[in-house]
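Next come the chains, spelled out residue by residue.
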Amino acid sequence: MSRLGAVTLAFADGEYEFRLRIAQLDELDRKFEVGPAFMLNEFAADKWRVPWVREVLRLGLIGGGLKPSDAAQLIKDYVIDRPLMENALHAMVIMSASVVGYE
């Protein structure tokens, strides 16, 4: 199990490391006024919201080491205007890795 909360996933045009560090979790909390456990539970219950998918992926890429501009470009190219279910499961896995770890 990754104690760092990092997970590597096939996404967009390759494999990327995603990690929601405290700074990224704080940003999600400020933006959506929900904590990580609540958000994870909503993903698991299939009650997620559209912006959550986009922002968990974007912030996870940044926390995984990508420059913010590169993360934003990947989101634009591979999340915006794509079927949401392509990325909703990824968002749940990223949030889960942050909250409980990843094996």
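Conventions adopted
- Residues numbered from 1 in each chain as written.
- Predicted model: local features only at pLDDT ≥ 70, side-chain atom pairs only at ≥ 80, totals over all residues.
- Heavy atoms only, no water.
- Helix = DSSP H or I, 4+ residues; strand = E, 2+ residues; numbered from the N terminus.
- Buried < 20%, exposed > 50% of the residue type's maximum accessible area, 1.4 Å probe, protein only.
- Lys, Arg positive; Asp, Glu negative; His and termini not counted.
- Salt bridge = Lys/Arg side-chain N within 4 Å of Asp/Glu carboxyl O.
- Contact = heavy atoms within 4.5 Å.
- Axes fitted to C-alpha atoms, helices over the stretch in contact; angles between N-to-C directions.
- Parallel < 35°, antiparallel > 145°, perpendicular 65-115°, else oblique.
- Left-handed = near helix turned anticlockwise from the far one by under 90°.
- Nonpolar A, V, L, I, M, F, W, Y, C, P; charged D, E, K, R; others polar.
- Arc of directions from axis to C-beta.
- Expected span 1.5 Å × (residues − 1).

1. Some words on the side chain of Arg 19
Then comes step 1: As for its position among the elements, Arg 19 is in strand β2 (residues 14-19).
Then comes step 2: Despite its burial, Arg 19 pairs with no opposite charge, the nearest such side chain being Glu 17 at 5.7 Å.
Then comes step 3: Setting aside residues no more than four positions away along its own chain, Arg 19 makes contact with Leu 4, Gly 5, Ala 6, Gln 24, Leu 59, Gly 60, Gly 63 and Gly 64.

2. Digging into the packing of helix α1 (residues 22-32) against helix α3 (residues 50-63)
Then comes step 1: Two elements in contact, α1 and α3, have axes whose closest approach is 10 Å; the angle formed by their N-to-C orientations is 155°. Between α1 and α3, the interaxial angle falls into the category roughly antiparallel. By crossing handedness, the relation of α1 to α3 is classed as right-handed. Across the interface between the two elements, Gln 24, Glu 27, Leu 28, Lys 31 and Phe 32 from α1 touch Pro 51, Trp 52, Glu 55, Val 56, Arg 58, Leu 59, Ile 62 and Gly 63 from α3.
Then comes step 2: For the contact of α1 with α3, a count of residues per class yields 7 nonpolar, 2 polar and 4 charged.

3. Some thoughts on the pattern of salt bridges
Then comes step 1: Tallying each qualifying case throughout the model produces 5 salt bridges.
Then comes step 2: Residue Arg 58 is joined to Glu 27 by a salt bridge in which the shortest nitrogen-to-oxygen separation is 3.0 Å. With Arg 58 in helix α3 and Glu 27 in helix α1, this residue pair connects regions lying 31 residues apart in the sequence.
Then comes step 3: Given the relative accessible area of 17%, Arg 58 is considered buried.

4. Here we look at α1
Note that an α-helix has 3.6 residues per turn; residues three or four places apart therefore point the same way.
Then comes step 1: All buried positions along α1 are accounted for by Gln 24, Leu 25, Leu 28 and Phe 32. The buried side chains of α1 occupy one side of the element, clustering within an arc of 100° when seen end-on. Exposed and oriented more than 90 degrees from the buried face of α1 are Ile 22, Ala 23 and Arg 30.
Then comes step 2: On its buried side, α1 packs onto β2, α2 (36-44), α3 and α5 (85-100).
Then comes step 3: Remark: Glu 33 follows α1 within two positions and exhibits a positive phi of approximately 55°.

5. A few points about unusual backbone geometry
Glycine aside, residues mostly have negative phi, and peptide bonds are mostly found in the trans state.
Then comes step 1: Phi at Ala 12 takes a positive value of approximately 60°, unusual for a residue other than glycine.
Then comes step 2: Position of Ala 12 among the secondary structure elements: in the loop between β1 (6-11) and β2.
Then comes step 3: According to the relative accessible area criterion, Ala 12 is partly exposed, its value standing at 33%.
Then comes step 4: Backbone geometry at Asp 46 places phi at a positive 60°, although glycine is not the residue there.
Then comes step 5: Tracing the sequence through the fold places Asp 46 in the loop between α2 and α3.

6. Quick look at α5
Then comes step 1: For α5, built from 16 residues, the straight-helix expectation of 22 Å at 1.5 Å per residue is met to within 8% by its first-to-last C-alpha distance of 22 Å.
Then comes step 2: Considered for burial, the residues of α5 that qualify are Asn 87, Ala 88, His 90, Ala 91, Ile 94, Met 95, Ala 97 and Ser 98.
Then comes step 3: Next to the buried residues of α5 lie β1, β2, α1, α2, α3 and α4 (68-78).

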